[in-house]
Amino acid sequence: PPPPPYNAQHLPLLACQPHFPSSMADWSAIQTTETAGPGISWWCNGCTSQPEVRVYFYCFEAGSAAIAVEPHFPSCVTSYERTTCFAPSEAATGLYKFTNAADCSHGLPTGLCDAVPVSNCAEEFSVTRPTSGSGPAVSVPTSSAVGCRYGATFLCHGIDVNVTPSITRHRCTVTGYSSGTHFEHDFTDAECTNGLPTGDCDGVIVKQSHCGYDHSFQVLSPTLDGTAGVKWSTGSVCGDATVSAIYFCFAPGHEVPFTRHSCTSTRTWSGTGSGYKIVTFSSNECTNGMPSGDCDAFLARAEHSEGNANTRSDEDWKALLPSESGGPGVGFWHSQTPTSTTVRVVYYCY
């Protein structure tokens with residue numbers, strides 16, 4: 001997580017689920033703001049050993065819809081502005097925002113900047129860049145000694161990225177649907193933080209909970225499906241569901257520090273019986289080519305055909321990284337071989 005003064009929100013993104021010869025369901029990644037978070041929860045009947053799970057935490061400044069990404073300097077930028085700013089010696093402890101050009105050697109920093117803490121004392125403190133809603137600023141420590149000064153050197157290329165955030169995030173949740181076995185829901189503005197996702201967005205599943213043989217969870221994204229929503233099925237009529245998705249929406253014309261890939265594949269199977277299967281993506285199934293290198297991987301669709309009730313007992317879904325056996329792709333366990341499987345994974349590669 002980012003250092004103080006960030007009061008970070010952590011958004012867990014479910015990437016993989018363990019494999020056991022038992023019945024497991026109702027997976028949910030838990031935020032730090034939720035009871036028992038940060039962590040993961042699930043339902044199990046017959047588990048005899050510890051699970052293996054992977055959860056990603058993407059961190060944001062409190063109250064901000066924009067993702068806190070490291071500055072990325074385009075290759076076409078050949079000149080930078082350098083300025084060093086210090087909080088006044090009489091500044092109170094806590095966050096001090098630079099608003100007076102006299103605090104800085106070459107004027108206030110603006111646009112996209114790197115920042116390095118500068119002080120004549122040993123206490124640790126943090127620096128906030130201009131692109132943050134609370135920056136540019138420094139955090140004056142409470143243990144500050146007499147005569148200590150706290151500041152930062154900013155290296156900026158002057159591009160104003162505050163007009164439109166590079167990335168906004170939305171968490172959308174639906175509850176209900178106690179009757180029926182097949183469900184599709186388009187999210188409303190009221191069901192999503194920061195409003196309804198629109199435009200160029202990636203959507204990934206973070207909570208999938210319904211009684212019965214719930215399966216085939218899929219996140220609908222505005223980019224690929226024309227709407228923000230979810231689809232799923234269950235093997236029996238039962239109580240209310242709770243399904244949540246996280247959306248990252250990208251502003252046009254802004255660079256981000258990773259390459260986006262959305263990989264979708266449909267496989268047909270033959271034979272019967274239970275087992276573990278892997279779907280490995282090919283380059284023509286992924287946007288922007290094959291994911292490679294250091295990547296994050298998020299499940300967005302895990303859908304089975306329905307031959308009979310046992311076919312619905314699919315579980316232990318795992319988004320496979322390029323560095324993992326069978327990756328980039330998806331692994332899963334099934335109690336009976338399905339006719340076909342459709343999967344989608346979103347990769348962010350650095």
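The structure we're discussing is the one just above.
Residues numbered from 1 in each chain as written. Predicted model: local features only at pLDDT ≥ 70, side-chain atom pairs only at ≥ 80, totals over all residues. Heavy atoms only, no water.

Caption draft 1: Molecular detail of the pattern of salt bridges. Within this structure, the stated rule accounts for 5 salt bridges. Across the pair Glu324 and Lys318 runs a salt bridge, and its minimum N-O distance is 3.5 Å. Salt bridges sharing common partners tie together Asp200, Asp202 and Arg260. (Salt bridge = Lys/Arg side-chain N within 4 Å of Asp/Glu carboxyl O.)

Caption draft 2: Examining the nonpolar core more closely. Formed by 34 residues in total, the largest nonpolar core has its most connected members in Phe187, Val230, Tyr247, Phe281, Val345 and Tyr347. Considering each element in turn, this core owes the most residues, 5 residues, to strand β16 (residues 241–250). (Core = buried A, V, L, I, M, F, W, Y, C linked by side-chain atoms within 4.5 Å. Buried < 20%, exposed > 50% of the residue type's maximum accessible area, 1.4 Å probe, protein only. Helix = DSSP H or I, 4+ residues; strand = E, 2+ residues; numbered from the N terminus.)

Caption draft 3: The packing of aromatic side chains, seen in detail. One pass over the full model with this rule turns up 13 aromatic pairs. Their ring planes at 85° and their centres at 6.4 Å tell us that Phe98 and Phe154 sit as a pair that is edge-to-face. Of this pair, Phe98 sits in the loop between β6 (94–97) and β7 (113–119) while Phe154 sits in strand β10 (residues 150–156), placing them 56 residues apart in sequence. By relative accessible area, which is 2% here, Phe98 ends up buried. Each ring, one from Phe250 and one from Tyr348, has its centre 6.2 Å from the other, and the planes form 80°; the classification is edge-to-face. Within this pair, whereas Phe250 is found in strand β16, its partner Tyr348 is found in strand β22 (residues 340–349), the two being separated by 98 residues in sequence. (Phe/Tyr/Trp six-rings, centres within 6.5 Å; stacked < 30°, edge-to-face > 60°.)

Caption draft 4: Representation of the pairing of strand β11 (residues 167–176) within the structure. Most of β11 is tucked away, with 8 of its 10 residues classed as buried. In the sheet, β11 pairs with β16 via 10 bridges, with the strands oriented antiparallel. Bridging from a neighbouring strand, Thr168 pairs with Cys249 of β16. (Pairing = 2+ DSSP bridges.)

Caption draft 5: Just the environment of Ile205, in detail. You can see Ile205 is positioned in strand β13 (residues 200–209). For Ile205, a relative accessible area of 6% gives the class buried. Considering only alpha carbons, one finds Ile205 and Phe298, 93 residues apart in sequence, at a separation of 7.7 Å.

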